[in-house]
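Commentary on secondary and tertiary structure
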Amino acid sequence: MNIDLKSQFPALNQEFEGYPLCYLDTAATSQKPQSVIDAMSNFYQHSNANVHRAAHRLSARATQAFEAVREKVAEFINAGQNAEVIFTSGTTHSINLLAWGLTPRLAADEVILIDSAAHHANIVPWQELARRSGATVIPIPLRQDLTLDEQAFLTLLQTHKVKIVALCHVSNVLGTINDIAALAEQAHRYGALVAVDGAQAVAHHKVDVQALGCDFYSFSGHKMYGPAGVGILWGRFIQLDRLTPLMTGGEMIDTVSFSGTTYGQLPNRLEAGTPAIADVIGLGAAIDFMRSLPAAAFAHEQQMLIQLRSRLEALPGILVYGNPHQQSGAVAFNLSGEHHQDIGILLDQQGVAVRCGHHCAQPLMQLMQISGCCRASVGIYTTQQDIDRFIHAMQDAIELLA
Ligand code: PMP
């Protein structure tokens with residue numbers, strides 16, 4: 001790739017005891033380009049005021065910048081209208097907001113289907129919803145290759161009163177991609193609502209919520225080159241409008257008196273309190289950054305992932321998990337007979353940053369019959385040198401532990 005993207009990310013330009021940082025933990029959080037850092041800093045230096053409330057021009061400037069990001073997000077994901085974009089603090093908040101909001105609509109004899117590869121953020125809020133409503137949670141089985149079993153999914157839809165289907169777009173552990181459009185179409189045929197966790201998808205794929213055909217889509221700014229502290233819940237207007245607000249207070253009301261309160265309109269109805277204004281501005285800059293990237297940058301990232309996987313698979317004693325034909329962003333692996341944490345520590349000694357553990361997906365670990373694994377994940381700034389360094393450090397770890 002000719003364009004030098006890495007130099008735009010200041011945090012990537014550092015060393016650990018003489019080893020340049022080799023950052024392969026983008027699935028946990030991406031690094032931030034200078035343009036995002038500058039946008040947030042500029043906001044605080046020149047435009048900081050609370051949004052939506054004051055008569056003064058500084059507040060009008062902050063509000064305009066804030067609402068412009070809502071419009072940018074709506075365009076970015078092809079939302080039907082700006083009011084379908086709800087600012088949250090991240091995917092976890094988005095799914096909690098959604099699961100709480102659906103409480104009055106779920107009956108005790110109904111079922112919530114959850115992707116077995118889901119992140120805990122896309123499991124626990126649904127379990128809580130089931131506890132509140134008496135509904136049942138059923139995991140959607142995976143095939144041998146750890147992809148979602150569409151046949152089993154169909155059978156569950158046919159045999160249960162399914163109200164909600166909670167899917168991940170891309171698995172944060174395996175990087176496997178679900179065919180959301182096909183799954184959503186099927187779920188809708190049986191009258192279920194489809195909620196998608198897009199935390200691991202937005203940085204790697206063009207997301208078009210209307211083409212995906214789901215009802216709700218959640219993601220986090222910090223996984224797509226933006227800041228932590230901001231995320232999005234998108235939903236079809238008609239569905240969002242029926243959600244019971246999780247948070248109440250300022251910003252979300254129409255009128256308040258001690259004899260009763262009425263709520264305002266979307267999107268404010270689901271955005272009580274002062275939002276993370278500068279983080280929203282940073283998210284806008286991250287979207288600008290992503291839109292400025294040529295298609296070649298994403299093709300390069302995919303190439304790095306494919307190469308990482310195939311070279312890893314060629315190493316002795318390495319177990320690579322998941323289906324290589326449907327993969328994005330991350331590769332999960334273990335070294336036979338060794339603890340995943342030991343691998344992580346040995347890699348770190350050479351400045352190579354990967355993630356080790358259960359990756360907030362304990363049900364998936366239980367299915368895989370492992371206590372945890374390592375995960376190497378890439379971004380648009382990952383270079384050939386990073387992959388070479390990773391493979392070299394893995395070879396050293398294998399030799400040392402032999
Ligand atoms: N879902 C998936 C698939 C994720 O990877 C993550 C973050 N690891 C989350 C949800 C939770 O995101 P956040 O911590 O930004 O709320």
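Fair warning: this is a prediction, and the values are worked out from it, not measured in the lab. (Residues numbered from 1 in each chain as written. Predicted model: local features only at pLDDT ≥ 70, side-chain atom pairs only at ≥ 80, totals over all residues. Heavy atoms only, no water.)

**So, the packing of helix H1 (residues 34-47) against helix H2 (residues 57-77)**
Between H1 and H2, the shortest axis-to-axis distance is 10 Å and the interhelical angle comes to 160°. The orientation of H1 relative to H2 falls into the category roughly antiparallel. The handedness of the crossing between H1 and H2 is right-handed. Mapping the contact onto sequence places Phe43, His46 and Ser47 in H1 and Leu58, Arg61 and Ala62 in H2. Class assignment of the residues belonging to the contact of H1 with H2 gives a composition of 3 nonpolar, 2 polar and 1 charged. (Axes fitted to C-alpha atoms, helices over the stretch in contact; angles between N-to-C directions. Helix = DSSP H or I, 4+ residues; strand = E, 2+ residues; numbered from the N terminus. Parallel < 35°, antiparallel > 145°, perpendicular 65-115°, else oblique. Left-handed = near helix turned anticlockwise from the far one by under 90°. Contact = heavy atoms within 4.5 Å. Nonpolar A, V, L, I, M, F, W, Y, C, P; charged D, E, K, R; others polar.)

**A few points about the environment of Thr155**
Mapped onto the elements, Thr155 comes out in helix H5 (residues 150-159). One polar contact links the side chain of Thr155 to the main-chain carbonyl oxygen of Gln151, over a distance of 2.9 Å. (Polar contact = N/O pair within 3.5 Å; in protein donor to acceptor, adjacent residues only side chain to side chain.)

**Examining the state of the cysteines**
Counted by the stated rule, this structure contains 0 disulfides. Take Cys168: it sits in no disulfide, and the sulfur closest to it among the cysteines is that of Cys214, at 13 Å. Looking at Cys168, the relative accessible area reads 4%, which means it is buried. Using a relative accessible area of 0% as the deciding quantity, one classes Cys214 as buried. (Disulfide = S-S within 2.5 Å. Buried < 20%, exposed > 50% of the residue type's maximum accessible area, 1.4 Å probe, protein only.)

**Focus on the pattern of salt bridges**
Throughout the structure, instances matching the rule amount to 15 salt bridges. Between Arg375 and Asp25 there is a salt bridge whose closest N-O contact spans 3.5 Å. Of this pair, Arg375 sits in strand E17 (residues 373-377) while Asp25 sits in the loop between strand E3 (22-23) and H1, placing them 350 residues apart in sequence. For Arg375, a relative accessible area of 3% corresponds to the buried category. Here Asp25 falls in the buried class, since its relative accessible area comes to 7%. Put simply, Asp388 and Arg311 hold a salt bridge, and the shortest N to O gap is 2.7 Å. Of this pair, Asp388 sits in helix H13 (residues 384-401) while Arg311 sits in helix H10 (residues 295-313), and the two are 77 residues apart along the sequence. One salt-bridge network, in which partners are shared between bridges, spans Asp25, Arg355 and Arg375. (Salt bridge = Lys/Arg side-chain N within 4 Å of Asp/Glu carboxyl O.)

**Description of the site of the ligand**
Neighbouring the ligand are Gly90, Thr91, Thr92, His119, Ala121, Asn172, Asp197, Ala199, Gln200, Ser220, His222 and Lys223. Taking Asp197, its side chain carries an N or O atom lying 2.5 Å from a nitrogen atom of the ligand. Separating a nitrogen atom of the ligand from a side-chain N or O atom of Lys223 is a distance of 2.6 Å. With the chains in place, 83% of the 400 Å² that the ligand exposes on its own is no longer accessible. Of the residues that constitute the shell around the ligand, the class distribution is 2 nonpolar, 8 polar and 2 charged. (Near = heavy atom within 4 Å. Areas by Shrake-Rupley, 256 points an atom, 1.4 Å probe, with all protein chains shown as cover.)

**Quick word on the domain arrangement of the protein**
It is common to report an interface's size as the accessible area lost on association of the parts. Per the domain assignment, the segments making up the protein are domain 1 (6-24 + 294-401) and domain 2 (37-290). Of note, the centres of domain 1 and domain 2, computed from C-alpha atoms alone, are 29 Å apart. At the junction of the two partners, domain 1 supplies 31 residues and domain 2 supplies 24 residues. Counting the surface lost from both domain 1 and domain 2, the interface buries some 2,200 Å², and carbon and sulfur atoms represent 63% of this. Between the two partners, domain 1 and domain 2, sit 0 salt bridges. Linking domain 1 to domain 2 there are 12 residue pairs in polar contact (both at pLDDT 80 or more). (Domains from an automatic or database assignment. Buried area = accessible area lost by both parts, 1.4 Å probe.)

**As for the environment of Asn96**
Here Asn96 shows up in helix H3 (residues 91-101). With a relative accessible area of 31%, Asn96 lands in the partly exposed category. C-alpha separation for the pair Asn96 and Ala121, spaced 25 residues apart in sequence, amounts to 8.1 Å. If sequence neighbours within four positions are ignored, Asn96 has contacts with Pro125 and Leu246.

**Looking at the sheet that holds strand E8 (residues 193-197)**
Read across the sheet, 7 strands follow the order E4-E10-E9-E8-E7-E5-E6 without closing on themselves; strand pairing throughout is mixed. The two strands at the open ends of the sheet, each matched to only one other strand, are strand E4 (85-88) and strand E6 (136-140). Taken over all neighbouring pairs, the strand axes of this sheet differ in orientation by 20° on average, direction set aside. Across 4 bridges, the pairing between strand E5 (residues 111-115) and strand E7 (residues 162-168) is parallel. Opposite Leu113, over in E7, you have Val165 as the bridge partner. (Pairing = 2+ DSSP bridges.)

**Some points on the packing of aromatic side chains**
Taken as a whole, this structure holds 9 aromatic pairs when the rule is applied. Aromatic pair Phe9 and Tyr225: ring centres 5.9 Å apart, planes at 65°, arrangement edge-to-face. Residue Phe9 is located in the segment before strand E1 (15-16), and its partner Tyr225 is located in the loop between strand E9 (216-220) and strand E10 (231-235); the two are separated by 216 residues in the primary sequence. Tyr225 matches Phe9 in its accessibility class, with the two residues each being buried. Through a chain of ring-to-ring contacts, the aromatic side chains of Phe9, Tyr225, Phe289 and Tyr381 assemble into a single cluster. Positioned above the aromatic ring of Phe76 is the side chain of Lys206, whose terminal nitrogen or guanidinium carbon lies 5.6 Å from the ring centre. (Phe/Tyr/Trp six-rings, centres within 6.5 Å; stacked < 30°, edge-to-face > 60°. Lys NZ or Arg CZ within 6 Å of the ring centre and 35° of its normal.)

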